[in-house]
Amino acid sequence: MGCCSVTARGTNSKQDGHEEVELLQTEGSRKQSEAGSLAPSGGTYFISRHQATGAENELSVKALISDHSQADDKRLISEPVLFWGKSHANLNGMILSEPIRGWEGQDIQNYGKVVRSSLIVMQISGTQEILECFLVLFPFHLLILSLDHQERRFIYQGLLPLSGMRVYCLWTSRGHTFEISGPMIEARQISCLSSNERDLWISALQHHILGANTHYPPIYPSINILSFLLPCDSMWKKRELLRYLISCPIKNWEGKAIHHLGNAIYLSAVRVAHTIDADFEDRLLVLFSEDLVFLSIDAEKTAVTHQGTLPLNAIHIEESNTWDGRLEFQIAGQLMEPILVSCSTIGDYNHLVFYLQKPEESNCAISLSPLPIVPVKYGRR
């Protein structure tokens, strides 16, 4: 242990002012303190053990209170500023209270409290684009925001579910980097400002990924649930298949995540051909309020692959009037080859045609006949 200083007011001292006596906390020093210490005049100044211990404890308590008070003052006055003149706490509160440009989905407060946030540099695998981002960890999701420094606003870049996510530590030339990957998302390399910050992120992600998998267990291909739901020839199978598709890994997925497309309106197993003479291929057709998604299932019924997405406002359908008893219609649109769709049941055909058809636009101008002339009423004279 160290030493402390005590200001002694000696009755035997003839000098005005206080004498400082060091109380060493070693065994030999204790004996010397009990016996006495040398005064500046060369004489002996006696102090009892009880007085020394009391004075030491009093100063220790005062020093402890002073240290805590100074630490609190420093936290209140000099909380580190990250950017935009705001601290971490200010930025986290800003995310939960102020609008985020381009935000999609439910109210952000429904995702829980902010567990961790940090300024990072992100790169998507296979691209050269490097983006400065603010990474925000919620209990079950990871939010990616880019920064608009001119308007001091956050811009939404993605909300990734932690369930099924994987995190790896990387050694790259860019510095303190780790990688995240998972179902329906491309791998991303995230570079932190220090190795300590990277380690804290990896630890926090691993902990919350484990918790997310407990609450929302990922569905793995080994379960082979598709073999039980295909063919989807009943409504309960369609509902369960939709639930599976929203959470399962989808190969070659592009664009916004499937769970951000809104509520699915209808699902149907169909056969499609891209030209009149082409062979038909099996597809799952998932209809959303603004998009039509084409998916394929492998022969073993273990994997789902994205085959394309068409915005509904850019396509229209032409009915085939069930040629030769076949339930077919054609999807057409600008900058795309027509797609022939063949349904297996009259129910699927009627549902898809009902949701996809649009009223035909008429080029005929509407002519309004002149209003009839109202006769003038004459009053009696």
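Definitions and cut-offs
- Counting restarts for each chain, with residues numbered from 1 along the sequence as it is written.
- The predicted nature of this model means local features are confined to residues of pLDDT at least 70 and side-chain atom pairs, given and counted, to a pLDDT of 80 or more, with totals for whole chains, interfaces and linings taken over all residues.
- Hydrogens and waters are ignored; side-chain quantities use all the structure's heavy atoms.
- Helical segments are the DSSP runs of H or I of at least four residues, strand segments are the runs of E of at least two, and each set is numbered from the N terminus.
- The contact criterion used throughout is that any non-hydrogen atoms of two residues lie within 4.5 Å.
- Like charges within 9 Å and nonpolar side chains (Val, Leu, Ile, Met, Phe, Trp, Tyr) within 5 Å are joined into patches, using only residues over 30% in relative accessible area that form no salt bridge.
- Surface exposure here means Shrake-Rupley accessible area, sampled with a 1.4 Å probe, where a residue is shielded only by the protein chains that are shown.
- Each reported salt bridge corresponds to a side-chain nitrogen of Lys or Arg within 4 Å of a carboxyl oxygen of Asp or Glu.
- Using a 1.4 Å probe on the protein chains alone, a residue whose accessible area is under 20% of its type maximum counts as buried, one over 50% counts as exposed, and one in between counts as partly exposed.
- Residues adjacent in sequence count toward polar contacts only when both atoms are side-chain atoms; beyond that, a polar contact is any pair of N or O atoms within 3.5 Å, and within protein one must be able to donate a hydrogen and the other to accept it.
- In short, DSSP must find at least two bridges between two strands for them to pair.

Student: Looking at this model, I keep getting lost on the side chain of His208. Mind explaining?
Tutor: Locating His208 in the fold gives a position in helix 4 (residues 195–215). What His208 contacts, discounting residues up to four positions off in sequence, is Val115, Leu137, Pro139 and Leu162.

Student: Even after reading the chapter, I still don't get unusual backbone geometry, so can you show me in this structure?
Tutor: Excluding glycine, most residues fall at negative phi; most peptide bonds, likewise, are trans. For the bond from Leu230 to Pro231, the omega torsion is 0°, close enough to zero to count as cis. Relative to the helices and strands, Pro231 is located in the loop between helix 5 (226–229) and helix 6 (235–247). One non-glycine residue, Arg152, lies in the positive phi region at around 55°. With respect to the helices and strands, Arg152 occurs in the loop between strand 7 (141–148) and strand 8 (153–161). Unusually for a residue other than glycine, Lys301 sits at a positive phi of about 60°. By the element assignment, Lys301 lies in the loop between strand 15 (291–297) and strand 16 (304–311).

Student: In this structure, what is going on with a nonpolar patch on the surface? I would like to understand it.
Tutor: Together, Ile265, Phe354 and Tyr355 make up a nonpolar patch on the protein surface, roughly 300 Å² of accessible area in all. Within the fold, Tyr355 resides in helix 7 (residues 346–356).

Student: Sorry if this is basic, but what is going on with the side chain of Ser117 here?
Tutor: Turning to its location among the elements, Ser117 is positioned in strand 5 (residues 116–124). The buried category is assigned to Ser117, whose relative accessible area is 8%. Among the polar contacts made by the side chain of Ser117, one reaches the side chain of Asn92 at a distance of 2.8 Å. Those residues in contact with Ser117, other than ones at most four positions away along the chain, are His88, Asn92, Phe134, Leu135, Val136 and Trp201.

Student: Just checking my understanding: could you explain the pairing of strand 7 for this structure?
Tutor: Where a strand is regular, its side chains alternate between the two sheet faces. Counting buried residues in strand 7 gives seven out of eight residues, a clear majority hidden from the surface. With five bridges connecting them, strand 6 (residues 130–137) and strand 7 associate as antiparallel partners. Bridging from a neighbouring strand, Val136 pairs with Leu143 of strand 7. Linking two consecutive strands that pair antiparallel, namely strand 6 and strand 7, is a turn of three residues. Sheet analysis places strand 7 next to strand 8, joined by eight bridges and oriented antiparallel.

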